[in-house]
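Take a look at the letters that make up each chain.
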2 protein chains.
Amino acid sequence: MTLAAQMREMGRDARAAAAALRLASADQRSEAIRASARALRGRQQSILAANAADLVGATGLLDRLRLDEARLEAIARSLETVADLPDPVGEEMARWSRPNGLDIARVRTPIGVIGMICESRPNVTADAAAICLRSANVLILRTGSEALRSAIAIHGALAEGMAEAALPAASVQLVPVVDRDAVGMMLAGLDRAIDLIIPRGGRDLVERVTREARVPVLGHLEGLCHSYVHASADLDMAVAIVANAKMRRVSVCGATETLLVDREVAPELLPRLAAAMPDCELRGDEGARAILPMAVAEESDWSTEYLAPILAVRLVDGVGAAIGHIARYGTGHTDAIIASDAEATARFLDEVDSGIVMVNASTQFADGGEFGFGAEIGIATGRLHARGPVGPEQLTTFKYVVRGSGQIRP
Amino acid sequence: MTLAAQMREMGRDARAAAAALRLASADQRSEAIRASARALRGRQQSILAANAADLVGATGLLDRLRLDEARLEAIARSLETVADLPDPVGEEMARWSRPNGLDIARVRTPIGVIGMICESRPNVTADAAAICLRSANVLILRTGSEALRSAIAIHGALAEGMAEAALPAASVQLVPVVDRDAVGMMLAGLDRAIDLIIPRGGRDLVERVTREARVPVLGHLEGLCHSYVHASADLDMAVAIVANAKMRRVSVCGATETLLVDREVAPELLPRLAAAMPDCELRGDEGARAILPMAVAEESDWSTEYLAPILAVRLVDGVGAAIGHIARYGTGHTDAIIASDAEATARFLDEVDSGIVMVNASTQFADGGEFGFGAEIGIATGRLHARGPVGPEQLTTFKYVVRGSGQIRP
């Protein structure tokens, strides 16, 4: 069978599975997620062996790719958290009556079939499947070549979970080969089998999705996050927050990549910050380098998502300039102000038009779990349908149910 | 200036206007809408003259295109209704605290710049502008050739309203020429100036949008609505509802185009229905024609949005068959069951996966005003962001505002 025929078959199977999932109970879907967690633990050895094989050939972001016993256990626990989440499907979001007696309810429904295109994080396979099952959506996942062996091993555990809960095997499908053509077919919608594409990746993927997608897209794209230290900031707090926002984990999309500092507090802040994160390379504009020796930040640095222990540093003159920089270089992900001044804070929170805006907190809180959503499939950086962390509730749509007693429209 | 340069300039102006609209108060935007209503009344003569000129060259759906004093007054009143609606921008949709003290709010924000592509209804120009202003979005509208003179005249009144309220003229822009290339440029996003495309039109437009759009789309496409008369229906009610759903106004997207009837009640229902709407042409399947002489319904009739006094009629064997027909031929707009049986009703409402599902009511209630939204820009037939009637609230997005006191992530 050609790849094209195989992908079309996956699409048809997905459509059929979507109808079955909509009829399956919340408990049945919870049980499928729990059974998958058990299967992940039972298959620990083979999953770690597959991951080790992936690591041998890998270059680059090894921290994203690597699994160990603790991380695999964390994945299993994350599935159990999702299994325990309230089920969003069928929830009455609103209900009201009209003067003519019509009763109108807005009811949550699954989206249908989600096509996810991602790169090298093996945990995404399990997390995405659990979130889709919680929201009664079918998942078709295409992972990057670096993580393919790990993904196949994890998908085996998920298939075991589906079988135990008597859900269709096609509820969670993994594209079993790495082929750029498969991505193109998914972006074209697999003959209307895919309702929504979720891409998670870098610029190349962004551009390809923008160019080729024929179905709606929930972009999970770059996180070029900013932390801005206003002149009114408590500098102890600022040092602690920025060091955490940059260095807690450098490979996550919520990591701060650019620090903006009000010129007047930079002489005190920058040396203390450098001391607090000695392993971080600083790249500064002229003003920052006049305070502290550091590498030169080129124009391209302001728009680079390092995902590494590197921080671009720019001095600014006040909140307006900070907002302007973020409007120009930001990706609409997460941006924070550290300040005590109420007016500057209010202006920043109001005018910075990102999915998440923060005051006096680390941008690394950009995370579905930290928001209380239980889990996330990523952080949406577009403007439609959902922004910020995408959990099960964000993977639903709704319909209006109108109950009448014979009303006709005048 | 070439059309391309002109369109790019419209996009740049729109971006600047979007920033200004976000900072404008709710009252200022209300005043712009009210001033537009006043200007519409003041310019009644010239608008009706422009519409008369449009009608001279027009063919086809004249009822959609025609304006008269009463319709123009209705448009002005509709603007005033929108001006009085609660403003959605800045609304706190949800707010909660996390165990670590982080305070998280989900706050409504405008989408930004809306590009609307529509055909021949002149009222759309005013309604869309009012809804966009109420939600602090900029509108770039491209209307069909048949309604262009009317749209230009109405846009003149809107421009007067913007000026009176001191909002940028670019807050509401009309593409001043009819050129297919203009549509292509809008679908490409005008250099990232457009955040959302709203198409309203028939199949050709649907297909073009699907093929060419590089920005998110909120589809306002075909309304192939079904009314299904279940065997348990009160037949007096069924006749009244179906006649209204078909004939009240045949050119609206919520008009029923296909009637499905349970075989056992068809012999009683069909003659009574035919008597109740003598001006409607019936096209039936074999079973229907055995009961009543009528034209033959071809396969293509099941997927034709007539927008005319024609009704396709098919006999079915129970609610499952009705659901199956709708799944195959429907467009996800509005579908109704007329029934008294609770089980059949529940199954229909649950399994028909359209934006609006109804029981014992006319599909012509598919309308933002009838839903209590004040006004609508159309009925969304896609699955993402919003379904059903799209009013000001549906033209918003949100951001998360996270307030901390120095939290760092462990």
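What you see is a predicted model, and the numbers here were worked out from it, not measured in a lab.

### Details of the overall build of chain A
Helix and strand content of chain A: 15 helices and 16 strands. Taken over the C-alpha trace, chain A has a radius of gyration of 23 Å; the compact-globule value for 410 residues is 22 Å, and the two agree within 12%. For chain A, the spread of C-alpha atoms along the principal axes amounts to about 70 × 65 × 35 Å. Out of the 410 residues belonging to chain A, those deemed buried represent 57%. Residue pairs at least 24 apart in sequence account for 73% of intrachain contacts in chain A once pairs closer than 6 positions are excluded.

### Brief notes about the packing of helix α6 (residues 123-134) of chain B against helix α7 (residues 148-164) of chain B
Residues and elements named next belong to chain B. Contact pair α6 / α7: the axes reach a minimum separation of 8 Å and the direction vectors enclose 30°. One way to sum up the angle between α6 and α7 is to call them roughly parallel. The chirality of how α6 crosses α7 is right-handed. For the pair α6 and α7, the contacting residues are T125, A126 and A129 in the first and A151, I154, H155 and L158 in the second.

### Some details on the packing of helix α5 (residues 69-84) of chain B against α6(B)
Angle between the axes and distance between the axes are the two parameters that describe a pair of packed helices. All names here are of chain B. With their axes 9 Å apart at the nearest point, α5 and α6 run at an angle of 10° to one another. Comparing their axes, α6 and α5 come out roughly parallel. Contact residues: I75, S78, L79 and V82 in α5; N123, A126, D127, A130, I131 and R134 in α6. Each residue belonging to the contact of α5 with α6 can be placed in one class, and the counts come to six nonpolar, two polar and two charged.

### A look at the domain arrangement of chain A
Residues and elements named next belong to chain A. Taken domain by domain, chain A consists of domain 1 (3-220 + 377-402) and domain 2 (225-370). The centre of domain 1, based on its C-alpha atoms, is set 33 Å off from the matching centre of domain 2. On the side of domain 2, twelve residues touch domain 1, which itself brings ten residues to the contact. Of all the secondary structure elements, the ones that give two or more residues to the side of domain 1 that touches domain 2 are α4 (62-65), β14 (379-380) and β15 (388-389).

### Observations concerning the relation of the copies chain B and chain A
Both copies of the chain are related through a single rotation about an axis accompanied by a shift along the same axis. Of the two same-sequence chains, chain B is brought onto chain A (RMSD 0.0 Å, axial shift 0.0 Å) by a rotation of 180°. The operation mapping one copy onto its partner corresponds to a two-fold rotation axis. Within chain B, the C-alpha atom positioned nearest to the axis of rotation is that of H385(B), 1.8 Å from it. Mapped onto chain A, 98% of the interface residues of chain B are again interface residues, and the two copies thus contact each other with one and the same surface.

### Quick notes on the sheet that holds strand β6 (residues 196-200) of chain B
Residue and element names in this part refer to chain B. Taken in spatial order, the four strands make up an open sheet running β5-β4-β3-β6, and their pairing is parallel. Each of the sheet's edge strands pairs with one partner strand only, and the pair in question is β5 (172-174) and β6. With direction set aside, neighbouring strand axes in the sheet form an average angle of 20°. By the bridge criterion, three bridges tie strand β4 (residues 138-142) to β5 in an arrangement that is parallel. Pairing of L139 across the sheet is with V172, part of β5. The strands touched by helix α1 (residues 3-23) within the sheet are β3 (113-118), β4 and β5, with β4 carrying the most contacts at an inclination of about 150°.

### Overview of helix α8 (residues 180-187) of chain B
Residue and element names in this part refer to chain B. Those residues of α8 not exposed but buried are A182, V183, M185, M186 and L187. Among the structural elements, α1, β3, β4, β6 and α9 (203-212) are those in contact with the buried residues of α8. After α8 finishes, the residue G189 shows a positive phi value of roughly 95°.

### Quick word on the pairing of strand β8 (residues 256-262) of chain A
Residues and elements named next belong to chain A. For β8, the buried fraction is high: seven of the seven residues fall into the buried class. Note that strand β7 (residues 225-229) and β8 share five bridges and pair parallel. Following the sheet pairing, H226 is matched in β8 by T258. At this point the chain moves from β7, through helix α10 (residues 235-247), to the parallel β8, and the crossover so formed is right-handed. As defined by bridge partners, β8 adjoins strand β11 (residues 310-316) across five bridges and the pair is classed as parallel. Each bridged residue has a counterpart across the sheet, and for T258 the counterpart in β11 is A312.

### Here's the deal with the nonpolar core
Among the nonpolar cores identified, the biggest contains 280 residues, and V138(A), I197(A) and I197(B) are the most heavily contacted of them. Those residues within four positions of I197(B) in sequence are excluded, and the remaining contacts are G115(B), I117(B), M186(B), L187(B), V209(B), A213(B), V215(B) and V217(B).

### Comments concerning the interface of chain B and chain A
Taken together, the contact between chain B and chain A spans 51 residues of the former and 51 residues of the latter. For the side of chain B that touches chain A, the secondary-structure elements that each account for two or more residues are β2 (103-110), α10 (235-247), β13 (356-361), α15 (368-371) and β16 (396-407) of chain B. Partitioning the side of chain B that touches chain A into residue classes produces 23 nonpolar, 18 polar and ten charged. Where strand β16 (residues 396-407) of chain A and β13(B) come together, five bridges link them in parallel fashion. The partner of Q407(A) across the bridge, within β13(B), is A361(B).

### Quick look at the sheet that holds strand β2 (residues 103-110) of chain A
Strand order in the open sheet formed by ten strands is β1(A)-β2(A)-β16(A)-β13(B)-β12(B)-β7(B)-β8(B)-β11(B)-β9(B)-β10(B), with mixed pairing between adjacent strands. The sheet is open, and its two edges are formed by β1 (92-97) of chain A together with β10 (295-296) of chain B, each paired on a single side. Running over the sheet, α10(B) touches β16 of chain A together with β7 (225-229), β8 (256-262), β11 (310-316), β12 (334-338) and β13 of chain B and is turned about 170° from β7(B).

### Structural notes on the pairing of strand β13 (residues 356-361) of chain A
Working note: regular strand, side chains alternate between the two faces of the sheet. Residue and element names in this part refer to chain A. The element β13 is largely enclosed, with a buried count of six among its six residues. Judged from the four bridges that link them, strand β12 (residues 334-338) and β13 form a sheet pairing that is parallel. The residue bridging A336 from the neighbouring strand is M358, located in β13.

### So, the environment of I198(B)
Residues and elements named next belong to chain B. Position of I198 among the secondary structure elements: in strand β6. Overall, I198 belongs to the buried group, with 24 C-beta atoms counted inside 10 Å. Along the primary structure I198 and I377 are separated by 179 residues, whereas in three dimensions their C-alpha atoms are 8.8 Å apart. Residues within four places of I198 in sequence aside, it is in contact with I114, M116, L218, H220, I377 and G378.

Cut-offs used in this document
- Residues numbered from 1 in each chain as written.
- Chains lettered and ligands numbered in written order.
- Predicted model: local features only at pLDDT ≥ 70, side-chain atom pairs only at ≥ 80, totals over all residues.
- Helix = DSSP H or I, 4+ residues; strand = E, 2+ residues; numbered from the N terminus.
- Rg over C-alpha atoms; globule rule 2.2 N^0.38 Å.
- Buried ≥ 20, exposed ≤ 12 C-beta atoms within 10 Å, placed from the backbone.
- Contact = placed C-beta atoms within 7 Å.
- Axes fitted to C-alpha atoms, helices over the stretch in contact; angles between N-to-C directions.
- Parallel < 35°, antiparallel > 145°, perpendicular 65-115°, else oblique.
- Left-handed = near helix turned anticlockwise from the far one by under 90°.
- Nonpolar A, V, L, I, M, F, W, Y, C, P; charged D, E, K, R; others polar.
- Domains from an automatic or database assignment.
- Least-squares fit on C-alpha atoms with pLDDT ≥ 70 in both.
- Pairing = 2+ DSSP bridges.
- Right-handed = clockwise from strand over helix to strand, strands pointing away.
- Core = buried A, V, L, I, M, F, W, Y, C linked by C-beta atoms within 7 Å.

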